[in-house]
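Here is how the chains run, residue by residue.
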Amino acid sequence: MDADRALLTPRGELVRGCAQILTEKLAELPAGTARVDLDMSGVHFMDTAGLEFLEVLRDHARRQAMPVTTTRWSGQPRRILELAGLDTTHPLHSPAPAPAPAVGMSSVASAVALEREERLHLLQEEVEQLRQAIASRPVIDQARGILMATYGCSSDDAWHILRDASQLSNTKLRTVAESLTASTAAEGAAPPPEVRTALAQALERLSTR
C-alpha cells in the first residue's frame with residue numbers, strides 16, 4: 001500500500017485458479033483503498049484463464065467505482081492480449097464486448113460469434129504451442145550441447161542443425177533431439193535412418209554457409 005493506492009505484482013503464470021486468488025486478494029484490501037494498480041512484468045505465461053483475471057479487475061473497478069490499471073505486459077502474455085483484440089497498453093480500457101444484436105440481425109450475431117470462436121481458437125493454439133516448447137526445451141538443450149561438443153560448433157549453429165534436420169526428415173524437433181540424446185547413452189540406439197541422413201545433410205549445409 002502507498003497511502004490509498006494498492007500495488008499488486010502478480011508473478012509466474014496466470015492459469016486456472018488465478019481469478020479466484022485475485023478475487024480473494026482484492027477483498028483483503030483496506031477499506032480506504034481508492035486505486036489499484038497491477039505491475040504485470042513478473043508474469044511470463046498465461047492461458048485463457050488470464051482473460052478471467054482481467055474480468056475480475058473490470059468487475060472490481062465497476063463495483064468499487066475506482067481506477068484499476070494493469071501495465072508492463074510483455075512476452076507471451078502480451079501476445080495473448082493481442083490475439084484477444086485487447087489494448088496491450090491498457091487492456092482494461094479496451095471496448096467491452098458488443099451487446100446482443102436486435103431481432104432480425106441473426107447474421108450479424110453469427111458473424112460476431114464466429115469471430116470470437118476463431119479468436120479463442122488462436123489463443124488456445126498459441127498456449128498449446130508454448131506449453132510444448134517449454135516441455136521440449138530441456139532435451140533440445142541437451143541435444144545442442146552434444147552437437148557443440150561433437151562438432152565444435154556454436155550454440156546457434158547447433159540450433160540450426162537440429163532445426164534443419166527436423167525439416168529435412170519431416171520429424172518433430174523434439175523427436176530429433178530425443179533420438180540424438182538417446183544415442184549417446186550407454187547402449188543407446190542410433191537415431192532412425194531418416195534422422196541420421198537429415199543430420200548429415202544439416203551438417204553439410206552448415207559447412208557451406
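These numbers come from a predicted model, not from an experiment.

Caption draft 1: Quick peek at the overall build of the protein chain. Secondary structure summary: the protein chain contains 7 helices and 5 strands in total. Each helix (α) and strand (β) of the protein chain, taken in turn from the N terminus, gives the series β-β-α-β-β-α-β-α-α-α-α-α. Within the protein chain, the proportion of its 209 residues that are buried is 36%. Surface accessibility of the protein chain: about 12,600 Å² in total, with carbon and sulfur atoms responsible for 53%.

Caption draft 2: Quick look at the packing of helix H5 (residues 155–169) against helix H6 (residues 173–183). Contact geometry of H5 with H6 gives a least axis separation of 9 Å together with a crossing angle of 110°. Looking at the two axes, H5 sits roughly perpendicular to H6. Considering how the two elements wind past one another, H5 and H6 form a crossing that is right-handed. Every residue of H6 that contacts H5 at Trp159, Leu162, Arg163, Ala165, Ser166 and Ser169 is listed here: Leu173, Val176 and Leu180. Residues of the contact of H5 with H6, tallied by class, amount to 6 nonpolar, 2 polar and 1 charged.

Caption draft 3: Main features of the packing of H5 against helix H7 (residues 193–208). The N-to-C vectors of H5 and H7 enclose an angle of 130°; their axes lie 8 Å apart at closest approach. Taken together, the axes of H5 and H7 are oblique relative to one another. Like other packed secondary-structure pairs, H5 and H7 cross with a definite hand, here right-handed. Mapping the contact onto sequence places Asp157, Ile161, Asp164, Ala165, Leu168 and Ser169 in H5 and Glu194, Val195, Ala198, Leu199, Gln201, Ala202, Leu203, Arg205 and Leu206 in H7. Split into classes, the residues belonging to the contact of H5 with H7 amount to 9 nonpolar, 2 polar and 4 charged.

Caption draft 4: Here's a closer look at the sheet that holds strand S3 (residues 35–39). One open sheet accounts for 3 strands, arranged S1-S3-S5; its pairing is parallel. The open sheet has two free edges, formed respectively by strand S1 (5–8) and strand S5 (68–71), since each of these has just one partner strand. On average, each strand axis in the sheet is inclined to that of its neighbour by 15°, with strand direction left out of account. Bridge analysis of S1 against S3 gives 4 bridges, and the strand direction is parallel. What sits directly across from Leu7, in S3, is Asp37. Where helix H2 (residues 49–64) meets the sheet, its contacts fall on S3 and S5, and the angle it forms with S5 comes to roughly 150°.

Caption draft 5: How the structure looks around the side chain of Thr88. Structurally, the position occupied by Thr88 is in the loop between helix H3 (75–83) and helix H4 (106–151). Within the structure, the side chain of Thr88 is placed 3.1 Å from the side chain of Arg78, a separation counted as a polar contact. Setting aside residues no more than four positions away along its own chain, Thr88 makes contact with Trp73, Arg78, Leu81 and Glu82.

Caption draft 6: Layout of the side chain of Thr181. Mapped onto the elements, Thr181 comes out in helix H6. When its relative accessible area of 15% is taken as the criterion, Thr181 is described as buried. Within the structure, the side chain of Thr181 is placed 3.0 Å from the backbone oxygen of Glu178, a separation counted as a polar contact. Beyond its immediate sequence surroundings of up to four residues, Thr181 is in contact with Val139, Gln142, Ala143 and Ile146.

Analysis parameters
Residues numbered from 1 in each chain as written. Predicted model: local features only at pLDDT ≥ 70, side-chain atom pairs only at ≥ 80, totals over all residues. Heavy atoms only, no water. Helix = DSSP H or I, 4+ residues; strand = E, 2+ residues; numbered from the N terminus. Buried < 20%, exposed > 50% of the residue type's maximum accessible area, 1.4 Å probe, protein only. Areas by Shrake-Rupley, 256 points an atom, 1.4 Å probe, with all protein chains shown as cover. Axes fitted to C-alpha atoms, helices over the stretch in contact; angles between N-to-C directions. Parallel < 35°, antiparallel > 145°, perpendicular 65-115°, else oblique. Left-handed = near helix turned anticlockwise from the far one by under 90°. Contact = heavy atoms within 4.5 Å. Nonpolar A, V, L, I, M, F, W, Y, C, P; charged D, E, K, R; others polar. Pairing = 2+ DSSP bridges. Polar contact = N/O pair within 3.5 Å; in protein donor to acceptor, adjacent residues only side chain to side chain.

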